[in-house]
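# Report on the structure
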Amino acid sequence: TSRRFKKGNESEVLIQTETNREVLKNAPVENIVTAAHRVAGRSVEPCLFGQGGTCCRNCNMGPCQIIDGVEQMIGVCGADASTVAARNFARIVAGGAASHMDHARGVVMAFLATAKGEAPYEIKDGIKLRQVAMSIGIDVAEKSKEDLAIEVGEKLMAEFGQQEGGLSFVKRAPKPRQELWKKLGIGPRGVDREITEIMHRTHMGVDQHYENLLFQAARTALADGWGASMIATELSDVMFGTPVPIRSRVDIGVLKEDEVNVTVHGHEPILAEALGMAARDPEILEECKKVGAKGINLAGVCCTGNEILMRKGFPIAGSFIQQEVVLATGAVEAMVVDVQCIMQNVSRVAEQFHTELITTSDKAKIPGATHISFDEHRALDIAKEILKRAIKKFPERGKHFVPVRSMDVVAGFSHETINYMLGGRFRASYKPLNDNIINGRIRGVAAIVGCDNYRVTEEMHVEIAKELIANDVLVLVTGCAATSIGRTGLLSPEALDQAGPGLREVLEAVGCPPVLHMGSCVDNSRILIAATEMVRTGGLGEDIYQLPAVGAAPQWMSEKAVAIGQYFVSSGVDVVFGPTFPITGSKVVSDYCFNKMKDVYGGSWHLAKKPSEFVNIMVDTINQARKDLGIDK
Ligand code: SF4
Ligand code: MSK
């Protein structure tokens, strides 16, 4: 059983965010245990073999703990630290990429059902549909929106099981990049194939060369970034609308006293969109009235939050590290979850209140939760059924505590929006952005992405973002990093007074915040497209690796973050992770990832622990790129 913490003991436990602390201090129920308490209560530190990637349990002669450079401490089969670290790393990438691939498959299925009139969604962005169709070689002439959507959906769906021939969206990358991938033999062949090959090659006694393994990890990551994730983002935009700037609020204070609070948690926009539609349905509003509620307050958690914030302006109640605390308010009638990043403990916290936890994906059930299987063909009916259950819970809401804290944000910066806003109404292009980078008003572009994590002691995202904007670096954010940065006000144009003079001058003119929210973790593919457009626009080199651009995931937690990091590195971007990285148990693999990858891809991994270390690496990377381009004398 988990160690119990009495209310008032919070000072012993590192509770991140002011709002989390406030809620846990005032929660109406004693002994709410969150991940922060469990981190503090563990009697053993994380295993160093596991942390450094040198514990192998790929066969039953092990598990083998490998110590690099100690002859007696190689695996029973003879596997050394480099093989084991590379195998484990490849499996992490496979796990992360698989999550995006399965998510993308679900989006394509819903997209096809929509195009065929079998789901209650619509093809909202016809212009983007045509652009996507043309970019994958489909003739758009004289086709209805629906027929074109079916053709696009079927072509992309076929790429999941494809064995040879390459992925359509890979052809969007700059030509030199595509040639490099071809030369290295890492152009992804099919979305699903690369994962199967990783699982085979990392089985006992197959691929035992770290570099060969890491090439397959890169290939799989590319099948994610330029394949699955891009498919998911592009088709979600076509189906639910391409994001445009939109105001909303984030943090637990978005919960409402007088409405039925329904939090929607996970990753897939399909469920959340249906709940959004149902929440406005007259039948549902009538049901709310009957129990004395003014309506349904739909609020997101984790990346589902980012999906519905970007497209619909629904508020976000919390990021990953707030999921249990949102429920600890006692003011949530239902938490509806789909897939990924849902802690099992939300079930235990929900049990302490009237809150119903509802799982909706047959792939993701949780003991103690009510399971209502979601099917896009009956999306609206199922969404209404879920909301009716939540409404019934409203009269059962007992003592609760809703903090006042929430923050204004402006989100919705798809790459199309950036193109339009920074390019101007009549000449939408990346040229003004490139020009401002060349003239030095903007030093470069940095992406801060990924999760937040209870094991990290500081608000890393925020400190890094503040320092970067002060140095005239334009910051792009996605995922839970976006929510944590949003909580501090940096996603609002009012924060421009914290930016350096050059960045401020450029962004003030167009009314942008200094940090641009580009969406969920799947939406990192938008950053790939934006980077490609910057290359295509000219003046900043011929390939992505030459751009003054850099990425970071300072509080990464999930395998998906590693897959994302690897597709950026393989696309030529330097990426900083920390405070740990799962290959450091092998000197050879560390040298390869942190140094040699730079020669192979033009970008490599970096490791940092403190915010100042992140900032130094990021600013140095941008400065070096500017020097190499000859734009800084
Ligand atoms: Fe040990 Fe080799 Fe088996 Fe891994 S594959 S558990 S290193 S014997
Ligand atoms: S939800 S993957 S904690 S960003 Fe995308 Fe947040 Fe990381 Fe999950």
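Only a predicted model underlies this, so the values are computations on that prediction, with no experimental measurement involved.

### Topic: the nonpolar core
- Residues Val152 and Trp605 are the most contacted members of the largest nonpolar core, which totals 182 residues.
- With 18 residues, the single largest contributor to this core is helix α9 (residues 210-240).
- Beyond its immediate chain neighbours, meaning those up to four positions away, Trp605 contacts Phe89, Val562, Gly565, Gln566, Val569, Val575, Phe577, Phe581, Cys593, Phe594 and Met597.
- Counting residues in hydrophobic clusters, the runner-up holds 37 residues, among them Leu24, Ala299, Val325 and Phe353.

### Considering the side chain of Ser571
- On the secondary structure map, Ser571 appears in the loop between α22 (559-570) and β15 (574-577).
- Side-chain polar atoms of Ser571 contact the side chain of Trp226, separated by 3.0 Å.
- Setting aside residues no more than four positions away along its own chain, Ser571 makes contact with Arg177, Trp181, Leu222, Trp226, Leu528, Ile544 and Tyr545.

### Description of the packing of aromatic side chains
- Inspection of every chain in the model, using the stated rule, returns 11 aromatic pairs.
- When the ring of Phe577 is compared with that of Trp605, the centres are 4.9 Å apart and the planes differ by 90 degrees; the resulting orientation is edge-to-face. Taken together, the residues Phe577 in strand β15 and Trp605 in strand β16 (residues 605-607) connect sequence positions 28 residues apart.
- By relative accessible area, which is 0% here, Trp605 ends up buried.

### With respect to the site of ligand 1
- Surrounding ligand 1, one finds Cys56, Asn58, Cys59, Met61, Gly62, Cys64, Gly75, Val76, Cys77, Arg87 and Met204.
- Of the residues assigned to the shell around ligand 1, the class counts are seven nonpolar, three polar and one charged.

### Points about the side chain of Ser82
- When you line up the elements, Ser82 lands in helix α4 (residues 81-115).
- A distance of 2.8 Å separates the side chain of Ser82 from the side chain of Asp80, its partner in a polar contact.
- Ignoring sequence-local partners within four residues, the contact set of Ser82 consists of Tyr210, Ser586, Val588 and Val589.

Analysis parameters
- Per chain, residues are indexed from 1 in the order of the written sequence.
- Chains and ligands are labelled sequentially in the order written, the chains with letters from A and the ligands with numbers from 1.
- Local features are withheld for residues below a pLDDT of 70 in this predicted model, meaning they are given only at 70 or higher, and side-chain atom pairs are given and counted only at 80 or more; totals for whole chains, interfaces and linings count all residues.
- To obtain the side-chain values, all non-hydrogen atoms of the structure were included, while hydrogens and water were left out.
- What we call a nonpolar core is a set of buried Ala, Val, Leu, Ile, Met, Phe, Trp, Tyr and Cys residues that are connected through their side-chain atoms within 4.5 Å.
- To sort residues, take the accessible area from a 1.4 Å probe on protein chains only and compare it with the maximum for the residue type: under 20% means buried, over 50% means exposed, and anything in between is partly exposed.
- Numbering of helices and strands runs from the N terminus, with a helix taken as a DSSP run of H or I at least four residues long and a strand as a DSSP run of E at least two residues long.
- By the convention used here, residues are in contact when the closest approach between their heavy atoms is within 4.5 Å.
- Whenever a nitrogen or oxygen atom comes within 3.5 Å of another N or O atom, the pair is scored as a polar contact, on the condition that within protein one atom can donate a hydrogen and the other can accept it, and that pairs from neighbouring residues in sequence are kept only if both atoms are in side chains.
- Only rings of Phe, Tyr and Trp enter the pairing, Trp through its six-membered ring, and a pair is recorded when the two centres are within 6.5 Å. The plane angle decides the type: under 30 degrees is stacked, over 60 is edge-to-face, the rest tilted.
- To be near a molecule or strand, a residue needs just one of its heavy atoms within 4 Å of it.
- We call Asp, Glu, Lys and Arg charged. Ala, Val, Leu, Ile, Met, Phe, Trp, Tyr, Cys and Pro are nonpolar, and the rest, Gly among them, are polar.

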